[in-house]
Structure formats: structure tokens, C-alpha cells
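Summary of the model geometry
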Amino acid sequence: MKKKQELCLLPVLVAACLVSIMGGSPLPSPILIGPDKAYLNSKVVFQCRSPGSPPPNTYELLKDGNHLVATSNDLQDDQSAMFFLKISVTSEGSYHCRVTAGGNMGLSGTVRLQVVIPVSGTMVTSDPDPPILYEGLRLTLTCDVTKGSHLSYTWFYNRQEVTSSPTSPLTPLLLWPVGNTLVVERVTTKHAGNYSCIAGTRMQTNSRFSSSREITVRIKVYLSVPQISFTISKEGSSYHGNVTCRSSRGTPPVTFYLFLDDKEVGSDVATESLVAWFPVAMVPGRDMGAVRCAVESDAQRLTSRPLTLVVVPVGGSPKVDVEYLYRVDSKMAAARLQCLLSLGTFPFFSWSLNGSLLLHPSEGDSSHPSHALADGGRTLFLTEITLEDSGYYRCRARDSYDVTSAWVESQPVLVQVTEVATTTIEVMAIVFCCFLMLTLAGGVACVMRMLNRQRDVVASSEQRARARAANERRFSEHFCIIPDPLSLSDITTRSGVKQVDTSCVDSDVENQTLEITI
């Protein structure tokens, strides 16, 4: 135990001996000035200053403790020393200087030097690679460099810097960049575009940067269920059908397939649009089968509803349905005429007024500016109904694909300005108010009648009670009311007369005596 204590005191004794040998107290702490960062293979200068120390002085630059890097002697009272170093990979560390003068020694503070490798070879990589993905998936962009250290990164979208500012082109569509990555959890079509980054080292002097090339991100849209339709045309004496398959959303290229009675009869690759056309055989009035179309991408395959290829020729007797339209003030504003057709898949409509033909939009402008056609000519709007627009209207129809087909025509329908009074909102409000007032008056009358009847019943009851009381008073004035019946002890013979109380007898018989003899 005693030996261990002696070993612990040994460093203290050695330090005391050194101080006594050097003589005097230590020097004031010198000052070391040097860079905190330096590029690899560059040259830097460390300056060690020791004010107040008389020459000669010995300056030593030490690294990471006691590793001697360089030594300098000051013989002319300069009180400073300069150390020139070429930076290598092993130069990074903590530096301090030691000054020895007149047998005294002083140590400076520490300067931490970081070796910076200049950046080069900046590029943007993506996950997935290539950066082509469907909406809703995750996108990760990384700013990689071939070499470089102590880097900072700046991202650009369509050559505009991506920041946390609300005016940033992708805020808040993107997550804030973390380190050298840029992450989008669920991409949309708004994230498509060109991305680039800049990697660099910021220093007080001589900052260096390296830019990447732009990388184009493509966002694909999922397909919608295709819609199917068909048309028919006539060339000479032959009929030709055309089936159209169309998707309202998606990203080309896609492939369309046509199935007739569940058998594939055609396919087409759409590279710039989302529509395809397929020729089919058609005969009016005949069922040519059921067709379906399918659309396929690298991620989906969707099929349309079935459609029966049947063309019904125009026939039957058309009918004109008239509906008048009124303004808020109940004045007639317009009329809508519809041509109701019982047969016909592809009808062509025409209208006439008082025997004069109203032109179809495909044939030219109408001679009546107040007429407007809609729904392929099936509906005729009369935007104004004047004397000029009043009259008999007819509609007729034929097959649109055959100009030689026969017309079918409706019966004439009279359309004119009517003076039929209509119920306005104001009139309805007045009628409702009057009805409400009558209802309230009737209710009040019923309540008053019930109250009067109740009052009459109460008065009648009181009158009967007063009459009963009066009768009882009159009766009590003429007759004596004996509260208890007479007992045998109260009845005596004539020899023993028993007097009865006569105070309740009428005044006319007040002096008479009532005797009862058995």
C-alpha cells in the first residue's frame, strides 16, 4: 500500500523538479493563429505569437498532443514564428504551439484543422432508376459526388431552387431535403420535371462547388376503364362500321384490343393518344355480335362494357313534345321542342315552321336567330317567342348514314304566346298568408267558444246551488227539524204531558203546544 502511494506521487515530484530546474514561473500563454479548414494539397500558415517573452525564444508547433511538427527560433525580439505546412490527408488534427524562453515554457490554445477534399463528379441518381414511376409511388433522388468532403447541397426543380419558402416551386409538394437526398412519399403529375443539384464546400475564402446534370422525372397516370362506341357509314351500296375505344386518362404508349363475341379481332398501339379505331362489318337491321375493347399498359389491363353491334333504321311516327319556360315574373321566356323518335340508332333531324324548313347546323345557319338546336338536332330551343316565331312546328328524321333514306315526319304542333295567367311566388305567398290568417281566426273562435261554454256551465252550477240553498232556508222556516227520533221515555199519557221544543215552529203556531198521546 505504501509503495502504491509513492508511485502516485512520482509525477508530482517530477513536475516540481522541472520547475525548479527551469527556474521561475511559466511564460504567459502564447497565441496560435491558423485556419480551421484547408483543401487537400494546399499550403497553409500557422503563426505562433508570444508577446512579452524576451529573446531568444524557441517556438514549437505540436499536433495531437506532443507530436512535433516544426520548430522555429526567434533571436531578434520578433516575438512570433511562422510555420508553413502543405496539407495532406494526415494533416487533420488539433494543433498548438509551445514557447520556451529563458528557461520558462508556455503553451497556446488549440486550433482544430479539418482537411477538405475538393468536390467533383456531382450527379443525381434516382430510386427507381430510371426515374419513371406511376402516381402515388415513392421517389428518392440522391446528389452523389465522385469525391469531396464537408459538403452542402442545393436542389433545383426546373432550374428553380427548392427551399422551405412558400414561394418555392414544389412547396409543400416535396419533403424538405435531408442531407444529399430529396424524397417524395407519394408523387403526382405535378412532380414531373427536371431535377439537378449543386454540391459544394463553403469556406471563408475560395469556396468550391460542383453542379450535376439535369435528370428528367416522368410520372405516369393510371388508365381509366375504356369506353366503347361505334359509327356506320355508307359508300356506294356498301356499309362500313367503325368501333372507337377510348380511355379518358392514362399515359401512353398503351395497347388497345378489340374482341368480337369474346374473340380478339384486332389490336392497335397508341403512342401519342388514348384512342384507337377498328373497322368492322355492318349491315343495318342485323345483329352483328357483341364487341368489347381492352386497354393495356405496363401496369394495368382494363376491359370495357360489352356493346351490341345493331343499327336500327329510322322508323315509326315522330312526336313533338313542347315545354314552355317562364321567367321569375311568370312571363313566357322560351320554349323547348323535342322530337321523340321510337326507332332509329343514328337519326338525322330537321325542323320546319309553317312549312318552311329550318336549316340544320350541318347545312348552314338558321334563318331565324331566335332558334337554337341541341342534342344533334333532336331538341329545338325558341329563345324568343314572338309573333314571327309562333306557328306550327314539325320535325322529321332519316338515317344519318344514308342520304337516300326516307324521311318520317311528325304531326304539326302549335306554338304561340299565351296569356294564361300563372301563379307567381307573390300570389302564392299572399294566398298562403290569407289561409294562415283564416286558420288562426278559426282557432281563436274555437277557443273562445270553448271558454264561453265552460263559463256558462259554471254559472248554471252556481245558480242551481243558490236555488237549492234558498229552498232549504224556506223549508227550515216552516218546519222543525228534529235531530233525534222520539224515544218511549219522551212519550207520556195525557196525565203526564211532555213538552216538546217549539222554538223552530212558524210564528203562526208559536203559542201552540204539541202533545202526543198514546
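Residues numbered from 1 in each chain as written. Predicted model: local features only at pLDDT ≥ 70, side-chain atom pairs only at ≥ 80, totals over all residues. Heavy atoms only, no water.

1. What to know about the overall build of the protein chain
Helices and strands together make up the secondary structure of the protein chain, namely 3 helices and 35 strands. The buried share of the protein chain, reckoned over its 518 residues, is 31%. Total accessible area computed for the protein chain in this model is approximately 32700 Å², and 56% of it derives from carbon and sulfur atoms. (Helix = DSSP H or I, 4+ residues; strand = E, 2+ residues; numbered from the N terminus. Buried < 20%, exposed > 50% of the residue type's maximum accessible area, 1.4 Å probe, protein only. Areas by Shrake-Rupley, 256 points an atom, 1.4 Å probe, with all protein chains shown as cover.)

2. Section: the packing of aromatic side chains
If you walk through the whole model with that rule in mind, you get 6 aromatic pairs. Over the ring of phenylalanine 259 we find arginine 292; its NZ or CZ atom is 5.5 Å from the centre of that ring. In this structure, arginine 396 is placed above the aromatic ring of tryptophan 407, and the distance from its NZ or CZ to the ring centre is 4.0 Å. (Phe/Tyr/Trp six-rings, centres within 6.5 Å; stacked < 30°, edge-to-face > 60°. Lys NZ or Arg CZ within 6 Å of the ring centre and 35° of its normal.)

3. Re the side chain of serine 304
Within the secondary structure layout, serine 304 lies in the loop between strand S25 (301–303) and strand S26 (307–308). In contact with serine 304, other than residues within four places in its own chain, are Val225, Pro226, Ile228, Arg292 and Cys293. (Contact = heavy atoms within 4.5 Å.)

4. Let's talk about the pairing of strand S12 (residues 139–144)
Within S12, 5 of the 6 residues are buried, which leaves it mostly tucked inside the rest of the structure. Across 4 bridges, S12 lies against strand S15 (residues 181–184) in antiparallel orientation. Counted as the bridge partner of threonine 142 is threonine 181 from S15. (Pairing = 2+ DSSP bridges.)

5. What about the environment of cysteine 339?
Considering the arrangement of structural elements, one finds cysteine 339 in strand S28 (residues 332–340). By relative accessible area, cysteine 339 is classed as buried at 0%. For cysteine 339, the contacting residues outside a window of four places in its chain are Pro318, Lys319, Phe349, Trp351, Arg378 and Cys395.

6. As for the UniProt feature "transmembrane region" (unreviewed entry) in the protein chain
Within the UniProt annotation, "transmembrane region" (unreviewed entry) is assigned to residues 427–447. Split by type, residues 427–447 is 100% helix and 0% strand. Its first and last C-alpha atoms lie 30 Å apart. (UniProt positions renumbered as here; feature names shortened; annotations may be inferred.)

7. Some words on the pattern of salt bridges
All chains considered together, the criterion is met by 12 salt bridges. Linking arginine 98 and glutamate 60 is a salt bridge whose minimum nitrogen-to-oxygen distance equals 2.7 Å. Here arginine 98, found in strand S7 (residues 93–101), pairs with glutamate 60, found in strand S4 (residues 57–63); they are 38 residues apart in sequence, far enough to count as distant. Judged by its relative accessible area of 16%, glutamate 60 is buried. (Salt bridge = Lys/Arg side-chain N within 4 Å of Asp/Glu carboxyl O.)

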